[in-house]
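Take a look at the letters that make up each chain.
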Amino acid sequence: MIFAQDMGKIQGVIVDAETGEPLIGANVVINDEGGSPLYGTATNLDGQFTLAVPVGTHNVEVSYVTYATKIVTDV
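Below is a summary of the structure that appears in this document.

Conventions adopted
- Residues numbered from 1 in each chain as written.
- Predicted model: local features only at pLDDT ≥ 70, side-chain atom pairs only at ≥ 80, totals over all residues.
- Heavy atoms only, no water.
- Helix = DSSP H or I, 4+ residues; strand = E, 2+ residues; numbered from the N terminus.
- Contact = heavy atoms within 4.5 Å.
- Buried < 20%, exposed > 50% of the residue type's maximum accessible area, 1.4 Å probe, protein only.
- Core = buried A, V, L, I, M, F, W, Y, C linked by side-chain atoms within 4.5 Å.
- Phe/Tyr/Trp six-rings, centres within 6.5 Å; stacked < 30°, edge-to-face > 60°.
- Polar contact = N/O pair within 3.5 Å; in protein donor to acceptor, adjacent residues only side chain to side chain.

Re the overall build of the protein
Reasoning step 1: Tallying secondary structure elements over the protein gives zero helices and six strands in all.
Reasoning step 2: Going from the N terminus to the C terminus, the protein shows its helices and strands as β-β-β-β-β-β.
Reasoning step 3: Within the protein, counting contacts between residues at least 6 apart in sequence, those at least 24 apart form 46% of the total.

A closer look at unusual backbone geometry
Reasoning step 1: Even without being glycine, T66 reaches a positive phi, approximately 75°.
Reasoning step 2: Relative to the helices and strands, T66 is located in the loop between β5 (60-63) and β6 (70-72).
Reasoning step 3: By relative accessible area, T66 is classed as exposed at 78%.
Reasoning step 4: For D74, which is not glycine, the phi torsion reads 55° and is therefore positive.
Reasoning step 5: Inspection of the secondary structure puts D74 in the segment after β6.
Reasoning step 6: The exposure class of D74 is exposed, given its relative accessible area of 63%.

Comments concerning the nonpolar core
Proteins that are soluble and globular tend to have nonpolar side chains buried together.
Reasoning step 1: Counting 11 residues, the largest nonpolar core is built from I10, I14, L23, A26, V28, I30, F49, L51, V53, V60 and V62.
Reasoning step 2: Broken down by secondary-structure element, the contributors of at least two residues to this core are β2 (27-31), β4 (48-54) and β5.
Reasoning step 3: Per-element accounting of this core gives the leading share, three residues, to β4.
Reasoning step 4: Those residues in contact with A26 that lie beyond four places of it in its chain are I14, T41, A42, T43, V62, S63 and Y64.

With respect to the packing of aromatic side chains
When we look at a pair of aromatic rings, we describe it by the centre distance and by the angle of the planes.
Reasoning step 1: Under the criterion given, the structure shown has one aromatic pair.
Reasoning step 2: Both rings, one in Y64 and one in Y67, keep their centres 5.4 Å apart while their planes meet at 65°; by these two values the pair is edge-to-face.

Looking at the environment of P22
Reasoning step 1: Tracing the backbone shows P22 in the loop between β1 (7-13) and β2.
Reasoning step 2: P22 gets classed as partly exposed once you look at its relative accessible area, which sits at 31%.
Reasoning step 3: When the C-alpha positions of P22 and T43 are compared, they lie 8.8 Å apart, and in sequence the two are 21 residues distant.

Some remarks on the side chain of H58
Reasoning step 1: Its place among the elements puts H58 in the loop between β4 and β5.
Reasoning step 2: For H58, a relative accessible area of 14% puts it in the buried group.
Reasoning step 3: Side-chain polar atoms of H58 contact the backbone oxygen of P54, separated by 2.7 Å.

Shown next, in the form of structure tokens:
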């Protein structure tokens, strides 16, 4: 069981690497080892996201239509 005090947050901004434009509605998820999303959210109009996750180290996967999926490890 996970209690509120065992939760942290990951937040950031997703932008296009070349133009710096925010990616609206990009998917940001934490996957388990089997690949099923455990926690997820989408970016807002400014490309920002906040994701509540259990305290610990996670791999964050970011995906957006027509872009390659990016996985950031050990967050």
